[in-house]
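# Structure at a glance
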Amino acid sequence: MIEIPSDLHKDLVPLAFLLGDWAGAGVHDFPDAEKCNFGQEVSFSHDGRDFLEYRSHTWVLDNDGNKVRPLESETGYWRIDADRKVEVTMVRDDGVVEIWYGDLAHKKPQIDLVTDAVARTGASRPYTGGKRLYGYVKSDLMWVGEKQTPEVELRPYMSAHLKKVVTPEDVERWAKALPDDMPDDGIAFFK
(Lines give C-alpha, C1' and ligand atoms only; values in the text may rest on other atoms or scores of the structure.)
Protein backbone atom coordinates (compact mmCIF):
# COMPACT_ATOMS: atom_id res chain seq x y z
CA MET A 1 0.00 0.00 0.00
CA ILE A 2 1.39 3.37 -0.99
CA GLU A 3 0.59 6.15 1.45
CA ILE A 4 1.10 9.80 0.61
CA PRO A 5 1.83 11.79 3.79
CA SER A 6 -0.10 15.05 4.06
CA ASP A 7 3.13 16.98 4.70
CA LEU A 8 4.99 15.52 1.70
CA HIS A 9 6.19 18.25 -0.67
CA LYS A 10 3.85 18.24 -3.69
CA ASP A 11 6.75 17.70 -6.14
CA LEU A 12 7.64 14.40 -4.40
CA VAL A 13 4.26 12.69 -4.78
CA PRO A 14 5.51 10.59 -7.75
CA LEU A 15 8.28 9.23 -5.48
CA ALA A 16 5.98 8.39 -2.55
CA PHE A 17 6.34 4.65 -3.26
CA LEU A 18 9.94 4.89 -1.98
CA LEU A 19 9.04 6.35 1.42
CA GLY A 20 9.66 4.31 4.53
CA ASP A 21 12.09 1.79 5.92
CA TRP A 22 12.97 -1.28 3.88
CA ALA A 23 14.95 -4.42 4.71
CA GLY A 24 15.99 -7.47 2.77
CA ALA A 25 18.83 -9.31 1.13
CA GLY A 26 20.70 -9.50 -2.12
CA VAL A 27 23.80 -10.62 -3.98
CA HIS A 28 27.14 -8.82 -4.46
CA ASP A 29 29.51 -9.95 -7.23
CA PHE A 30 32.23 -7.88 -8.93
CA PRO A 31 35.75 -8.75 -10.14
CA ASP A 32 38.45 -8.26 -7.49
CA ALA A 33 35.79 -7.95 -4.75
CA GLU A 34 34.16 -10.39 -2.40
CA LYS A 35 31.28 -12.38 -3.90
CA CYS A 36 28.64 -12.72 -1.19
CA ASN A 37 25.05 -12.54 -0.09
CA PHE A 38 24.28 -9.36 1.79
CA GLY A 39 21.61 -7.91 4.04
CA GLN A 40 20.36 -4.38 3.51
CA GLU A 41 18.43 -1.70 5.36
CA VAL A 42 17.24 1.31 3.37
CA SER A 43 15.38 4.40 4.52
CA PHE A 44 13.68 7.06 2.41
CA SER A 45 12.34 9.94 4.51
CA HIS A 46 11.23 13.54 4.06
CA ASP A 47 10.93 16.69 6.15
CA GLY A 48 8.52 18.68 3.98
CA ARG A 49 11.17 20.11 1.67
CA ASP A 50 11.51 19.16 -2.02
CA PHE A 51 13.77 16.12 -1.58
CA LEU A 52 13.81 12.64 -0.09
CA GLU A 53 16.64 11.74 2.25
CA TYR A 54 18.14 8.33 1.46
CA ARG A 55 20.25 6.05 3.66
CA SER A 56 21.44 2.54 2.91
CA HIS A 57 23.52 0.10 4.95
CA THR A 58 24.59 -3.33 3.71
CA TRP A 59 26.49 -6.10 5.43
CA VAL A 60 27.95 -9.45 4.43
CA LEU A 61 25.83 -12.45 5.44
CA ASP A 62 27.18 -15.89 6.30
CA ASN A 63 25.59 -19.11 5.00
CA ASP A 64 23.07 -19.02 7.88
CA GLY A 65 22.00 -15.44 7.13
CA ASN A 66 23.87 -13.88 10.09
CA LYS A 67 25.61 -10.50 9.84
CA VAL A 68 29.36 -10.92 9.41
CA ARG A 69 30.63 -7.36 8.78
CA PRO A 70 29.64 -4.12 7.04
CA LEU A 71 29.76 -4.13 3.23
CA GLU A 72 28.76 -0.66 1.96
CA SER A 73 26.94 2.40 3.27
CA GLU A 74 25.61 5.35 1.31
CA THR A 75 23.52 8.42 1.93
CA GLY A 76 21.98 10.96 -0.37
CA TYR A 77 19.13 13.15 -1.56
CA TRP A 78 16.55 12.41 -4.27
CA ARG A 79 14.60 15.03 -6.23
CA ILE A 80 12.18 14.90 -9.16
CA ASP A 81 11.01 17.64 -11.53
CA ALA A 82 7.73 18.19 -13.36
CA ASP A 83 8.98 16.15 -16.34
CA ARG A 84 9.61 13.10 -14.10
CA LYS A 85 13.38 13.59 -14.29
CA VAL A 86 15.04 12.27 -11.15
CA GLU A 87 18.32 13.55 -9.72
CA VAL A 88 20.24 11.95 -6.89
CA THR A 89 23.30 13.12 -5.00
CA MET A 90 25.02 10.32 -3.14
CA VAL A 91 28.02 9.85 -0.87
CA ARG A 92 29.47 6.41 -0.18
CA ASP A 93 31.53 5.30 2.78
CA ASP A 94 34.43 4.34 0.49
CA GLY A 95 35.14 7.93 -0.52
CA VAL A 96 32.99 8.22 -3.66
CA VAL A 97 30.59 11.09 -4.34
CA GLU A 98 28.14 10.69 -7.23
CA ILE A 99 25.50 12.65 -9.09
CA TRP A 100 22.88 10.48 -10.77
CA TYR A 101 20.21 11.44 -13.31
CA GLY A 102 17.34 9.39 -14.63
CA ASP A 103 13.66 9.04 -15.28
CA LEU A 104 10.60 7.82 -13.45
CA ALA A 105 8.85 5.47 -15.88
CA HIS A 106 5.48 6.47 -17.28
CA LYS A 107 2.57 4.92 -15.34
CA LYS A 108 4.71 2.60 -13.23
CA PRO A 109 6.91 2.97 -10.15
CA GLN A 110 10.27 2.33 -11.79
CA ILE A 111 13.33 4.58 -11.82
CA ASP A 112 16.34 4.22 -14.15
CA LEU A 113 19.43 6.16 -13.05
CA VAL A 114 22.85 6.74 -14.63
CA THR A 115 25.84 8.51 -13.07
CA ASP A 116 26.56 11.94 -14.49
CA ALA A 117 29.53 12.82 -12.28
CA VAL A 118 31.84 10.84 -10.02
CA ALA A 119 34.41 12.22 -7.58
CA ARG A 120 36.73 9.96 -5.59
CA THR A 121 39.10 10.45 -2.69
CA GLY A 122 42.60 9.01 -2.85
CA ALA A 123 41.55 6.13 -0.60
CA SER A 124 38.66 4.95 -2.79
CA ARG A 125 38.88 2.05 -5.21
CA PRO A 126 38.82 2.73 -8.97
CA TYR A 127 35.30 3.57 -10.16
CA THR A 128 34.13 5.47 -13.22
CA GLY A 129 30.33 5.23 -13.17
CA GLY A 130 27.23 3.15 -12.92
CA LYS A 131 23.57 2.53 -13.58
CA ARG A 132 20.74 1.61 -11.22
CA LEU A 133 17.20 0.41 -11.66
CA TYR A 134 14.70 0.67 -8.79
CA GLY A 135 11.21 -0.78 -8.99
CA TYR A 136 8.20 -1.13 -6.73
CA VAL A 137 6.89 -4.63 -7.46
CA LYS A 138 3.95 -6.18 -5.57
CA SER A 139 4.58 -3.90 -2.55
CA ASP A 140 8.32 -4.73 -2.46
CA LEU A 141 11.26 -2.56 -3.47
CA MET A 142 13.73 -4.21 -5.83
CA TRP A 143 16.88 -2.78 -7.29
CA VAL A 144 19.89 -3.73 -9.38
CA GLY A 145 23.13 -1.77 -9.63
CA GLU A 146 25.75 -1.84 -12.35
CA LYS A 147 29.21 -0.30 -12.16
CA GLN A 148 32.33 0.14 -14.20
CA THR A 149 35.96 0.81 -13.47
CA PRO A 150 38.89 1.61 -15.77
CA GLU A 151 39.56 -2.16 -15.92
CA VAL A 152 35.98 -3.56 -15.91
CA GLU A 153 33.22 -2.64 -18.37
CA LEU A 154 29.78 -1.73 -17.04
CA ARG A 155 28.24 -4.84 -15.48
CA PRO A 156 25.80 -5.79 -12.68
CA TYR A 157 27.42 -5.96 -9.24
CA MET A 158 24.62 -5.76 -6.66
CA SER A 159 20.90 -6.47 -6.53
CA ALA A 160 18.42 -6.79 -3.69
CA HIS A 161 14.81 -7.56 -2.85
CA LEU A 162 13.51 -5.43 0.04
CA LYS A 163 10.33 -5.61 2.10
CA LYS A 164 8.66 -2.67 3.82
CA VAL A 165 9.36 -2.59 7.54
CA VAL A 166 6.12 -2.27 9.50
CA THR A 167 6.30 -0.44 12.82
CA PRO A 168 3.81 -0.60 15.72
CA GLU A 169 2.86 2.99 14.83
CA ASP A 170 1.94 1.84 11.30
CA VAL A 171 -0.31 -0.89 12.69
CA GLU A 172 -1.99 1.56 15.09
CA ARG A 173 -2.59 4.09 12.29
CA TRP A 174 -4.07 1.40 10.01
CA ALA A 175 -6.27 0.07 12.80
CA LYS A 176 -7.68 3.55 13.43
CA ALA A 177 -8.44 3.88 9.73
CA LEU A 178 -10.58 0.71 9.60
CA PRO A 179 -14.29 1.35 9.09
CA ASP A 180 -16.48 1.17 12.20
CA ASP A 181 -18.81 -1.35 10.58
CA MET A 182 -16.20 -4.14 10.20
CA PRO A 183 -17.74 -7.55 11.02
CA ASP A 184 -16.49 -9.13 14.25
CA ASP A 185 -15.54 -12.38 12.55
CA GLY A 186 -13.75 -10.69 9.62
CA ILE A 187 -15.10 -13.26 7.19
CA ALA A 188 -17.43 -10.82 5.44
CA PHE A 189 -14.37 -8.71 4.62
CA PHE A 190 -13.16 -11.43 2.22
CA LYS A 191 -16.49 -12.01 0.45
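Before reading on, note that the structure itself is shown above.
Given the structure is predicted, the values throughout are model-derived calculations rather than measurements. (Residues numbered from 1 in each chain as written. Predicted model: local features only at pLDDT ≥ 70, side-chain atom pairs only at ≥ 80, totals over all residues. Heavy atoms only, no water.)

Ordered by their spatial adjacency, ten strands build a closed barrel running β1-β2-β3-β4-β5-β6-β7-β8-β9-β10, and the pairing between neighbours is antiparallel. On average, adjacent strands in this sheet sit at an angle of 25 degrees to one another, irrespective of strand direction. One ladder, built from nine bridges, connects strand β2 (residues 36–45) with strand β3 (residues 52–61); its direction is antiparallel. Across the sheet, the residue bridging to Phe44 is Tyr54, located in β3. (Pairing = 2+ DSSP bridges. Helix = DSSP H or I, 4+ residues; strand = E, 2+ residues; numbered from the N terminus. Axes fitted to C-alpha atoms, helices over the stretch in contact; angles between N-to-C directions.)

Our focus in this paragraph is the nonpolar core. Judged by nonpolar contacts, the single largest core of 34 residues is most densely connected at Leu18, Phe44, Leu52, Trp78, Val86 and Ile111. For this core, the element with the highest residue contribution is strand β10 (residues 155–164), accounting for four residues. Discounting chain neighbours no more than four positions away, the residues touching Ile111 are Leu15, Phe17, Leu18, Trp78, Val86, Asp103, Leu104, Arg132, Leu133 and Tyr134. (Core = buried A, V, L, I, M, F, W, Y, C linked by side-chain atoms within 4.5 Å. Buried < 20%, exposed > 50% of the residue type's maximum accessible area, 1.4 Å probe, protein only. Contact = heavy atoms within 4.5 Å.)

This brings us to unusual backbone geometry. Trans is the prevailing form of peptide bonds, just as negative phi is the prevailing case for residues other than glycine. For Asp32, which is not glycine, the phi torsion reads 60 degrees and is therefore positive. Structurally, Asp32 is set in the loop between β1 (20–28) and β2. The residue Ser139 is not glycine, and still its phi comes out positive at about 70 degrees. Since its relative accessible area comes to 36%, Ser139 is described here as partly exposed.

Another aspect to go through is the side chain of Glu72. Within the secondary structure, Glu72 is located in strand β4 (residues 67–80). For Glu72, the contacting residues outside a window of four places in its chain are His28, Ser56, His57, Thr58, Arg92, Asp93, Tyr157 and Met158.

The topology assignment puts Glu98 in strand β6 (residues 96–104). Residues Glu98 and Val118 lie 20 residues apart in sequence; the distance between their C-alpha atoms is 4.6 Å. Discounting chain neighbours no more than four positions away, the residues touching Glu98 are Val88, Thr89, Met90, Arg92, Thr115, Ala117, Val118 and Tyr127. Reaching out from Glu98, the side chain makes a polar contact with the side chain of Arg92 at a distance of 2.9 Å. (Polar contact = N/O pair within 3.5 Å; in protein donor to acceptor, adjacent residues only side chain to side chain.)

The next thing to look at is the packing of aromatic side chains. Per the stated rule, a full pass over the model turns up nine aromatic pairs. Relative to Tyr136, the ring of Phe17 has its centre 5.9 Å away and its plane inclined at 55 degrees; by these criteria the two rings are tilted. Here Phe17, found in the segment before β1, pairs with Tyr136, found in strand β8 (residues 129–137); they are 119 residues apart in sequence, far enough to count as distant. Overall, Tyr136 belongs to the buried group, its relative accessible area being 16%. Judged by centre distance (6.3 Å) and plane angle (80 degrees), the ring pair of Phe30 and Tyr157 falls under edge-to-face. Highlighted residues: Phe30 in the loop between β1 and β2 and Tyr157 in strand β10, separated in sequence by 127 residues. Put simply, the rings of Phe44, Tyr54, Trp78, Tyr134 and Trp143 pair up and form one aromatic cluster. Looking at Arg92, its charged tip hangs above the ring of Tyr127, at a distance of 5.3 Å from the centre. (Phe/Tyr/Trp six-rings, centres within 6.5 Å; stacked < 30°, edge-to-face > 60°. Lys NZ or Arg CZ within 6 Å of the ring centre and 35° of its normal.)

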